[in-house]
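Chain by chain, the residues:
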Amino acid sequence: MPLPVLKNTNSNTIPIHIAGDRTIWTGNNNSTFNNGRNWTGESPRNDSIAYIVNSNVDINGGDFQSTALKQLRIGPSYTGNIGTDSAPLKVMAETLVIDNRSSSINIRGSFRDIHIINGSNRIRVGGSQTRSLQRLMIHGSNSNFEIYSGQCNRLIVSGNGNKITAPAGITNDNLLASINGFDEIRCAGGSTVSTSSGANKVTASGEVRFTDSAVLGNTKMLPGSRIITETTGSLALRLTMFGGTLDVRNSSTGEPFVINNADLFGGRMFSQFGETGITLSNNANVLGPFDFQLKSGSTVAVS
């Protein structure tokens with residue numbers, strides 16, 4: 001006999017999970033993540049949802065990426081600490097959600113998405129060197145934390161007052177990307193991203209600071225944005241400015257900061273704090289009112 005088909009006609013219904021696919025951290029036995037006696041029911045297993053809430057028991061670091069979770073969620077009622085900076089908790093989950101300002105949280109591994117609802121400067125998250133992180137999204141306001149080096153395709157920062165720091169060594173797995181580093185960075189107005197890694201695509205309403213040898217790809221600047229380059233790299237693809245300030249602060253290396261292509265609808269280029277000139281090397285179109293503010297003695301070269 002064919003099985004009946006259950007139809008959900010209420011689009012607002014919260015998905016119901018069968019018993020056993022959710023487990024909650026208690027820490028009743030010790031601080032080991034995969035000890036079943038530390039959880040309600042059993043330790044996290046494949047396709048389960050693990051909640052870390054209502055506890056003050058620390059969770060030790062360690063590698064538990066052999067288990068593929070559906071979700072790992074850390075709530076504001078948790079007051080313990082997870083991993084350390086040098087020995088993070090390593091897990092695999094489709095989604096990691098952090099809504100916690102009180103705990104020191106150090107997690108890295110393989111994720112499709114990481115969502116930071118609320119966080120503090122005691123949070124450090126990221127992909128691993130060999131496992132992919134598709135999207136890291138910051139939703140709340142006034143979070144201040146650092147990303148581990150490793151794979152991170154897209155960094156999306158919304159909200160206000162967020163300060164995100166990313167080291168050198170960020171990679172992406174987009175085979176079509178021409179720039180090493182993030183595949184994409186989006187930064188909303190009022191927030192700041194500082195990175196020593198490059199980006200294949202940048203969209204800025206807030207402030208993005210590139211340091212070391214970072215190279216920028218296709219870069220779009222909106223009114224109120226600021227991109228600061230303290231790098232020996234270049235803007236290798238195309239700059240599109242509808243407003244904002246491109247603040248070139250490259251140190252003296254004997255080579256100018258090179259922008260390969262540009263469409264300048266509005267905004268300004270600023271080099272008062274830089275040591276090198278600016279070269280628009282290929283196709284530069286000034287399509288609206290635009291302001292060049294240069295350090296005395298420096299130049300803008302147009303090929």
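Please read all numbers here as calculations on a predicted model, not as lab measurements.

Caption draft 1: Quick look at the pairing of strand E10 (residues 154-157). Examined bridge by bridge, strand E7 (residues 133-138) and E10 share four bridges and lie parallel to one another. In the strand pairing of E10, Leu136 is matched with Leu155. Taken together, the four bridges between E10 and strand E13 (residues 184-187) define a ladder with parallel strand orientation. Along E13, the bridge assignment pairs Ile156 with Arg186.

Caption draft 2: Spotlight on a nonpolar patch on the surface. A surface patch of nonpolar side chains, about 270 Å² in accessible area, is lined by Phe242, Phe265 and Leu287. Looking at the secondary structure, you find Phe265 in strand E20 (residues 257-270).

Caption draft 3: Up close: unusual backbone geometry. With phi around 50 degrees, Asn54 is a residue other than glycine that occupies positive phi space. Here Asn54 shows up in the loop between strand E2 (49-52) and strand E3 (62-74). Look at Asp212: it is not a glycine, yet its phi comes out positive at around 60 degrees. Looking at the element boundaries, Asp212 is found in strand E16 (residues 207-212). For Asp212, a relative accessible area of 47% corresponds to the partly exposed category.

Caption draft 4: Local environment of the environment of Phe270. As for its position among the elements, Phe270 is in strand E20. With 21 residues separating them along the chain, Phe270 and Asp291 place their C-alpha atoms 8.4 Å apart. Excluding residues that lie within four positions of it along the chain, Phe270 makes contacts with Arg226, Thr245, Leu246, Asp247, Val248 and Gln293.

Caption draft 5: Here's a closer look at the packing of aromatic side chains. In total, this model carries six aromatic pairs according to the counting rule given. With centroids separated by 4.9 Å and ring planes inclined at 15 degrees, the aromatic side chains of Phe242 and Phe265 adopt a geometry described as stacked. In this pair, Phe242 is assigned in strand E19 (residues 235-248) and Phe265 in strand E20, connecting sequence segments 23 residues apart. Take Phe242: its relative accessible area is 38%, and that puts it in the partly exposed class. Through a chain of ring-to-ring contacts, the aromatic side chains of Trp25, Phe33, Trp39 and Phe64 assemble into a single cluster. Of note, Arg226 hangs over the ring of Phe270, and the distance from its end group to the ring centre comes to 6.0 Å.

Conventions adopted
- Residues numbered from 1 in each chain as written.
- Predicted model: local features only at pLDDT ≥ 70, side-chain atom pairs only at ≥ 80, totals over all residues.
- Heavy atoms only, no water.
- Pairing = 2+ DSSP bridges.
- Helix = DSSP H or I, 4+ residues; strand = E, 2+ residues; numbered from the N terminus.
- Patch = residues over 30% accessible without salt bridge, like charges linked within 9 Å, V, L, I, M, F, W, Y side chains within 5 Å.
- Areas by Shrake-Rupley, 256 points an atom, 1.4 Å probe, with all protein chains shown as cover.
- Salt bridge = Lys/Arg side-chain N within 4 Å of Asp/Glu carboxyl O.
- Buried < 20%, exposed > 50% of the residue type's maximum accessible area, 1.4 Å probe, protein only.
- Contact = heavy atoms within 4.5 Å.
- Phe/Tyr/Trp six-rings, centres within 6.5 Å; stacked < 30°, edge-to-face > 60°.
- Lys NZ or Arg CZ within 6 Å of the ring centre and 35° of its normal.

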